[in-house]
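Listed here are the chains, written in short residue letters.
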Amino acid sequence: MKVAVVYMKTDKFMKPIANEIARDARTRALTQDEFDHQSIFDLLVLTFSSHHLNYKQLASFISSLDRQHVHNVALVGTYSITDTIMKKTIALCHKQDLPLMREQYTCKLPILSRHLPDVVIKDSRIYVNDMITIVDNYY
């Protein structure tokens, strides 16, 4: 099974999560510029943080995806006040007709959080391992 873990290059806050997820998936975390749009992926894990993110970059990346090359999409996100970025991202995936996994992982962080709590990294890894198992066994 081929898995891609992508984080936005301006979103350094999510890089540790992306790296941990990628290590579990036996791949490496990629920025949106490193992602190969011509390769076929069984699962694309997209990580983002709503308070460290330029949404236009995320929207541009999602708009460039093709259902023929990405068979399943899983979203991992954090937010401080509201999770509107997650809702917009889900809507954009639906608009692009991307095969979005039924569940997404989102976590509320303290407003001025400078680092990720260990529980967020742990829970993100559990979520992605579950999504890999689902894709591997059911799709």
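Preceding block: the structure.
1. Let's talk about the overall build of the protein
Step number 1: Counting its regular elements, the protein contains 4 helices and 5 strands.
Step number 2: Ordered by position in the sequence, the α and β elements of the protein form the string β-α-β-β-α-β-α-β-α.
Step number 3: Here the C-alpha atoms of the protein give a radius of gyration of 14 Å, agreeing with the 14 Å that 2.2 N^0.38 yields for 139 residues.
Step number 4: A total of 139 residues make up the protein; the buried ones form 50% of that total.
Step number 5: Across the protein, every contact between residues at least 6 apart in sequence was considered, and the portion connecting residues at least 24 apart equals 81%.
Step number 6: Accessible surface computed for the protein: about 7500 Å², of which carbon and sulfur atoms make up 49%.
Step number 7: On the protein, the mean spot of the 17 positive side-chain charges and the mean spot of the 15 negative ones are 6 Å from each other.

2. Quick word on the packing of aromatic side chains
Step number 1: Taken as a whole and assessed by the stated rule, the structure comprises 3 aromatic pairs.
Step number 2: Every member of this aromatic cluster is reached through a ring pair, and the members are F35, F41 and F61.
Step number 3: Above the plane of the ring of F41 lies K2, whose end atom (NZ or CZ) is 5.0 Å from the centre.
Step number 4: The ring of Y55 has K88 sitting right over it, with the charged end atom 5.4 Å from the ring centre.

3. A short note on the pairing of strand 3 (residues 43–49)
When a strand is regular, its side chains alternate between the sheet's two faces.
Step number 1: Counting buried positions along strand 3 gives 7 out of 7 residues, so the element sits mostly inside the fold.
Step number 2: In strand 3, alternate side chains face the same way, and those of L43, V45, T47 and S49 on one face and L44, L46 and F48 on the other are all buried.
Step number 3: Relative to strand 3, strand 1 (residues 3–7) runs parallel, the two being bridged by 5 bridges. Across the sheet, the residue bridging to V6 is L46, located in strand 3.
Step number 4: Across 6 bridges, strand 3 lies against strand 4 (residues 73–79) in parallel orientation. Bridging across to strand 4, L44 finds its partner in V73.

4. With respect to helix 2 (residues 55–63)
Step number 1: Within helix 2, the full set of buried residues consists of Y55, Q57, L58, A59, F61 and I62.
Step number 2: Summarising the contacts, the buried residues of helix 2 are in contact with strand 1, strand 3 and helix 3 (84–95).

5. Structural notes on the sheet that holds strand 4
Step number 1: Spatial ordering of the open sheet is given by 2-1-3-4-5, a layout of 5 strands whose pairing is parallel. Since the sheet does not close on itself, it has two edges, and those belong to strand 2 (29–31) and strand 5 (105–108), each with one partner. This sheet shows a mean twist of 20° between the axes of neighbouring strands, independent of strand direction.
Step number 2: In the sheet, strand 1 pairs with strand 2 via 3 bridges, with the strands oriented parallel. Within the sheet, the bridge partner assigned to Y7 lies in strand 2 and is T31.
Step number 3: Taken strand by strand, helix 2 contacts strand 1 and strand 3, and its axis lies near 170° from that of strand 3.
Step number 4: Running at roughly 165° to strand 4, helix 4 (residues 118–138) makes contact with strand 1, strand 3, strand 4 and strand 5 of the sheet.

What counts and what doesn't
- Residues numbered from 1 in each chain as written.
- Predicted model: local features only at pLDDT ≥ 70, side-chain atom pairs only at ≥ 80, totals over all residues.
- Heavy atoms only, no water.
- Helix = DSSP H or I, 4+ residues; strand = E, 2+ residues; numbered from the N terminus.
- Rg over C-alpha atoms; globule rule 2.2 N^0.38 Å.
- Buried < 20%, exposed > 50% of the residue type's maximum accessible area, 1.4 Å probe, protein only.
- Contact = heavy atoms within 4.5 Å.
- Areas by Shrake-Rupley, 256 points an atom, 1.4 Å probe, with all protein chains shown as cover.
- Lys, Arg positive; Asp, Glu negative; His and termini not counted.
- Charge placed at Lys NZ, Arg CZ, Asp CG, Glu CD.
- Phe/Tyr/Trp six-rings, centres within 6.5 Å; stacked < 30°, edge-to-face > 60°.
- Lys NZ or Arg CZ within 6 Å of the ring centre and 35° of its normal.
- Pairing = 2+ DSSP bridges.
- Axes fitted to C-alpha atoms, helices over the stretch in contact; angles between N-to-C directions.

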